[in-house]
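Per-entry structural report
Single-letter residue listing:
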Amino acid sequence: MALYEENELYLYNSLTRKKEKFEALNAPLVGMYVCGPTVYSDVHLGNCRTFISFDMVYRYLTHLGYKVRYVRNITDAGHLENDADEGEDKIGKKARLEELEPMEIVQRYTLGFREVMGKFNAIPPSIEPTATGHIIEQIETVKKIMEAGMAYEVNGSVYFDVEQYNTDNHYGKLSGRKIEELQSGTRELDGQSEKRNPLDFAIWKKASPAHIMRWNSPWGEGFPGWHLECSVMSTKYLGEQFDIHGGGMDLKFPHHECEIAQNKAANGDEAVRYWMHGNMLTLNGQRMSKSTGNTLNPGELFTGNTDKLTKGFAPSVVRFFMMQAHYASQFDFSNEALLAAEKGFNRLMEGWQKLQQLRSGGTSDFNVTQWKQACYAAMNDDFNTPILIAHLFEAVRFVNAADPNASGLSDVDLDSLQTSMHAFIFDVLGLEEANEQEGQHNKLDGVMELLIKLRKAARDDKNWALSDKIRDELDALGIQLKDGKDGTTYSIN
Ligand SMILES: [Zn+2]
């Protein structure tokens, strides 16, 4: 019997606002679509959290024995600066500013995104389709929506007719909005707009002469609306109905609302069975924002090369830190919390090391069967990783207290505890043991500590020549020393 047959998995469906029992449409197959990044800049740490959360979901479903087809798109065209179908294409704009071909921008940031996700040990999706690779399919879907009477063409652009759709459907049901409220919240059309209604959104947009990324269509040269690609590519690879659609909370409206409408108009069906949304990340209690400077990127996090942190953190520590919060709850990043997470991570890994050395025999009151059930119960309750981690630490406490030569567990229980700990730590949470590289990193830390001490001794002796020599030669190697109130730290460029 597959594990998924023994486990009742409940997940919070954002659409019904209830925890629902997960029933796959065609078990053991599961189709999961997650909205991927728009590749016009380095990936944001908040987005990393979303993708790491869905990586954990993917890993747990796989652990339960489902065969998951995980589709996560790359948005490489059509995402405009403004949700109201205005402004430049984000990628086109970056290409113009940097005097590059848009596909050079796409390549650069796609590779960067994959590299960061790889560091976080996120498994690549089964399919990673791009908007520009599916222009023909998108044009076909625009035609279908027009045939269904839910879209209209004006001057080379095609708009989704929200009011028409809303006569038999509820536009706004995912984000809990009513069309009347949405209408009163939008600007009146200024007479310049081609739209019949301010809520209508472009599914195909005519390209202005300055717009670089453009394709032929029955309505002239243009480009697809941003929301369309996800409807089209999820249908193409997962079918008109599929199990799970995920994304960040910020995509609920308008992006996912528009996806729901497009799928229904084009295929006549509700496409998604379970909508899941990951929550935001804050930094030192405040929204991350480039404009206020309250921001941290993954590179700075790993190197510690920022005034927000006293040191760098291994990707696995950061991942562990994120897993200490439920994916749907808000979560705050800070130097102190990361330092605490690092201690916890090390304690967990040391516990794992000791567990591998334990021998069976003797007596104990640690109930492995019950413990294992509690771990699954946590994960089956909407992927509650913080509770799972609490159970993993119960096992660590037992391991630390146990006699290594007679743990008190039977052969069967010891084997079960080792297998389950391995499965939850590495397969489900996706953590990695301190590897060779991190070992080297620790040695480097030791060497740097030594150099910092020697430099301090030189300065105490007023041997400025030596202290400057240490600083300058490290600098030439790309290692910067930072003198602060609490002593000297270093960062590597
Ligand atoms: Zn999407």
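These numbers come from a predicted model, not from an experiment.

Procedures and definitions
Residues numbered from 1 in each chain as written. Predicted model: local features only at pLDDT ≥ 70, side-chain atom pairs only at ≥ 80, totals over all residues. Helix = DSSP H or I, 4+ residues; strand = E, 2+ residues; numbered from the N terminus. Buried ≥ 20, exposed ≤ 12 C-beta atoms within 10 Å, placed from the backbone. Contact = placed C-beta atoms within 7 Å. Domains from an automatic or database assignment. Nonpolar A, V, L, I, M, F, W, Y, C, P; charged D, E, K, R; others polar. Expected span 1.5 Å × (residues − 1). Arc of directions from axis to C-beta. Axes fitted to C-alpha atoms, helices over the stretch in contact; angles between N-to-C directions. Parallel < 35°, antiparallel > 145°, perpendicular 65-115°, else oblique. Left-handed = near helix turned anticlockwise from the far one by under 90°. Pairing = 2+ DSSP bridges. Right-handed = clockwise from strand over helix to strand, strands pointing away. Core = buried A, V, L, I, M, F, W, Y, C linked by C-beta atoms within 7 Å.

Okay, the overall build of the protein next. In terms of helices and strands, the protein carries 17 helices and 17 strands. Counting only C-alpha atoms and orienting by the principal axes, one finds that the protein spans roughly 75 × 65 × 35 Å. Here the protein, with 493 residues, has 39% of them falling under the buried criterion. For the protein, contacts bridging at least 24 residues in sequence account for 74% of all contacts bridging at least 6.

Entries for the protein in the domain assignment read domain 1 (11–278), domain 2 (296–428) and domain 3 (441–492). The C-alpha-based centres of domain 1 and domain 2 are spaced at 35 Å. Counting residues at the interface gives 21 residues for domain 1 and 19 residues for domain 2. For the side of domain 1 that touches domain 2, the secondary structure elements donating two or more residues are strand 1 (10–13), helix 2 (45–63), helix 4 (102–119) and strand 12 (272–278). With 10 residues, helix 2 is the single largest residue contributor to the side of domain 1 that touches domain 2. Here the residues of the side of domain 1 that touches domain 2 are counted per class, giving 11 nonpolar, 5 polar and 5 charged.

This part covers helix 15 (residues 411–428). Taking 1.5 Å of rise per residue, the 18 residues of helix 15 would be expected to cover 26 Å, and the 24 Å separating its terminal C-alpha atoms lies within 8% of that figure. Taken as a whole, helix 15 has its buried residues at Leu417, Met421, Phe424, Ile425 and Val428. Buried positions in helix 15, seen along its axis, are confined to an arc of 130° and lie on one side of it. Seen from the open side of helix 15, the exposed residues pointing more than 90 degrees away from its buried face are Asp411, Val412 and Thr419. Those residues of helix 15 that are buried are in contact with helix 2, helix 12 (335–357), helix 13 (368–380) and helix 14 (385–401). Positive phi shows up at glycine 430, right after helix 15, with a value of about 75°.

Okay, the packing of helix 8 (residues 226–238) against helix 9 (residues 252–267) next. Helix 9 packs onto helix 8 with a crossing angle of 55° between their chain directions and a minimal axis gap of 8 Å. As the angle between them shows, helix 8 and helix 9 are arranged oblique. The way helix 8 lies across helix 9 gives a crossing that is right-handed. Only His255, Cys258, Glu259, Gln262, Asn263, Ala266 and Asn267 of helix 9 make contact with helix 8, whose side of the interface consists of His227, Leu228, Cys230, Ser231 and Thr235. Its residues assigned to classes, the contact of helix 8 with helix 9 shows 4 nonpolar, 7 polar and 1 charged.

Quick look at helix 4 now. With 18 residues, helix 4 extends 26 Å from end C-alpha to end C-alpha; this agrees with the ideal 26 Å at 1.5 Å per step. In this fold, the buried residues of helix 4 make contact with helix 2, helix 3 (90–98) and helix 10 (298–303). Following helix 4 by one or two positions, asparagine 121 adopts a phi angle in the positive range, close to 60°.

Right, let's talk about the environment of serine 316 for a bit. Structurally, serine 316 can be placed in helix 11 (residues 315–323). Judged by the 22 C-beta atoms lying within 10 Å of it, serine 316 is buried. Separated by 228 residues in sequence, serine 316 and glutamate 88 have C-alpha atoms that sit 37 Å apart. Contacts of serine 316, omitting those with residues within four sequence positions, involve Asn121, Phe345, Leu431 and Glu432.

The next thing to look at is the pairing of strand 4 (residues 67–72). Two elements, strand 3 (residues 29–34) and strand 4, share 6 bridges in a ladder whose sense is parallel. Opposite valine 34, over in strand 4, you have arginine 72 as the bridge partner. Following the chain from strand 3 across helix 2 to the adjacent parallel strand 4, one finds a crossover that is right-handed.

Moving on, we get to the sheet that holds strand 3. Read across the open sheet, the 4 strands follow the order 4-3-11-12; overall the sheet is parallel. Two strands bound the open sheet, and with one partner strand each, they are strand 4 and strand 12. Averaged over all adjacent pairs, the angle separating strand axes in this sheet is 20°, with direction ignored. Relative to strand 11 (residues 242–248), strand 3 runs parallel, the two sharing 3 bridges. Bridged to methionine 32 within strand 11 is isoleucine 244. Here helix 8 sits on the sheet and contacts strand 3, strand 4 and strand 11; the angle it forms with strand 4, its principal contact strand, is near 155°.

In this structure, Ile145, Ala151, Phe160, Ile203 and Leu392 are the most contacted members of the largest nonpolar core, which totals 121 residues. A per-element tally of this core places helix 2 first, with 10 residues. Taken domain by domain, the makeup of this core includes at least three residues from each of domain 1 (11–278) and domain 2 (296–428).

Looking now at the sheet that holds strand 7 (residues 151–154). Here 4 strands make up an open sheet; going across it, the order is 7-8-9-10 and the pairing antiparallel. The open sheet is flanked by strand 7 and strand 10 (222–224), the only strands paired with a single partner. Within this sheet the neighbouring strands show an average axis-to-axis angle of 20°, counted without direction. Two strands pair when backbone bridges link them, and strand 7 and strand 8 (residues 157–160) are joined in this way by 4 bridges, in the antiparallel orientation. By the bridge assignment, tyrosine 152 is partnered in strand 8 with tyrosine 159.

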